[in-house]
Amino acid sequence: MTDLPIILASSSPYRQQLLQRLGLPFSAVAPAIDETPRPEEAPQQLVQRLALEKAQALAERFPQHLIIGSDQVCVRQQQILGKPHTHQAATVQLQAASDQELYFYTGLTVLNSATQQSLSDCVSTTVKFRPLSAAQIERYLQAEQPYDCAGSFKAEGLGISLFRYLRSDDPTALIGLPLIALTTLLQQLGQRLP
Ligand SMILES: C[n+]1cn([C@@H]2O[C@H](COP(=O)(O)OP(=O)(O)OP(=O)(O)O)[C@@H](O)[C@H]2O)c2nc(N)[nH]c(=O)c21
């Protein structure tokens, strides 16, 4: 058993809310890394690399900790989409998603900064969107303002009304932090859960 203090290497309020569900004390610290994809990098590789880099970015500052990093991208027709940031970009993302299947990849790393041992995983989620009219997209964005969410929706909120179906091994992966995979990695690294 390690029982090292836990750091969530993330600025995402949604990842913080999800991690709270495991009932483990932790501190959230924003990592500063370059998130630019490499040429020819597959989305599954990209999100696992960035999850590891987010954790490694804090390893020197927190040398005796378990550090959790995560990253998510959305893929539509082989194109990687990130967070929209603006109303206009979110409108474009949802217009492009209308009546389409999109794939979300959520990478996860847990790094023991005392031993440098790290474990990673990637959880995929398929979302099929309903046909969305311009008026429906506008009403949805005004209501939920998901501008800091990859894909431009909040699946745990009104965003679910945009979907025809959702397929995943873990519903928390789409929201930003795959808690089933995280529980497995923490246990493999000897972390006791409540
Ligand atoms: C599909 N979706 C994506 N996100 C958020 O979209 C962001 C993906 O972007 P990111 O993986 O680059 O992380 P971010 O830069 O926000 O934080 P970091 O950990 O400091 O790097 C994450 O914050 C996810 O939580 C979502 N957040 C919510 N609440 N609900 C959703 O359905 C949802």
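Residues numbered from 1 in each chain as written. Predicted model: local features only at pLDDT ≥ 70, side-chain atom pairs only at ≥ 80, totals over all residues. Heavy atoms only, no water.

- Taking an unreviewed UniProt entry as the reference, the protein is identified by name as 7-methyl-GTP pyrophosphatase belonging to Thiopseudomonas alkaliphila.
- Of the comments in the UniProt record for the protein, the one headed Cofactor (unreviewed entry) reads "a divalent metal cation". (UniProt positions renumbered as here; feature names shortened; annotations may be inferred.)

## Some details on helix 2 (residues 43-56)
- Relative to the 20 Å expected for 14 residues at 1.5 Å per residue, helix 2 spans 20 Å between its end C-alpha atoms, a close match to the ideal helical length.
- Buried residues of helix 2: Pro43, Leu46, Val47, Arg49, Leu50, Ala51, Lys54 and Ala55, and no others.
- Close packing links the buried residues of helix 2 with strand 1 (6-9), helix 1 (13-20), strand 3 (66-76), strand 4 (79-81), strand 5 (101-112) and strand 6 (117-129). (Helix = DSSP H or I, 4+ residues; strand = E, 2+ residues; numbered from the N terminus. Expected span 1.5 Å × (residues − 1). Buried < 20%, exposed > 50% of the residue type's maximum accessible area, 1.4 Å probe, protein only. Contact = heavy atoms within 4.5 Å.)

## Points about the site of the ligand
- For the ligand, the set of nearby residues contains 20 residues, the closest of which are Ser10, Ser11, Arg15, Lys54 and Glu156.
- Here Glu35 contributes a side-chain N or O atom positioned 3.4 Å from an oxygen atom of the ligand.
- In this structure, an oxygen atom belonging to the ligand sits 3.4 Å away from a side-chain N or O atom of Asp71.
- Starting from 660 Å² of accessible surface for the ligand in isolation, the protein chains cover 96%.
- Mapped by element, the contributors of at least two residues to the shell around the ligand are helix 1, strand 3 and helix 5 (171-175). (Near = heavy atom within 4 Å. Polar contact = N/O pair within 3.5 Å; in protein donor to acceptor, adjacent residues only side chain to side chain. Areas by Shrake-Rupley, 256 points an atom, 1.4 Å probe, with all protein chains shown as cover.)

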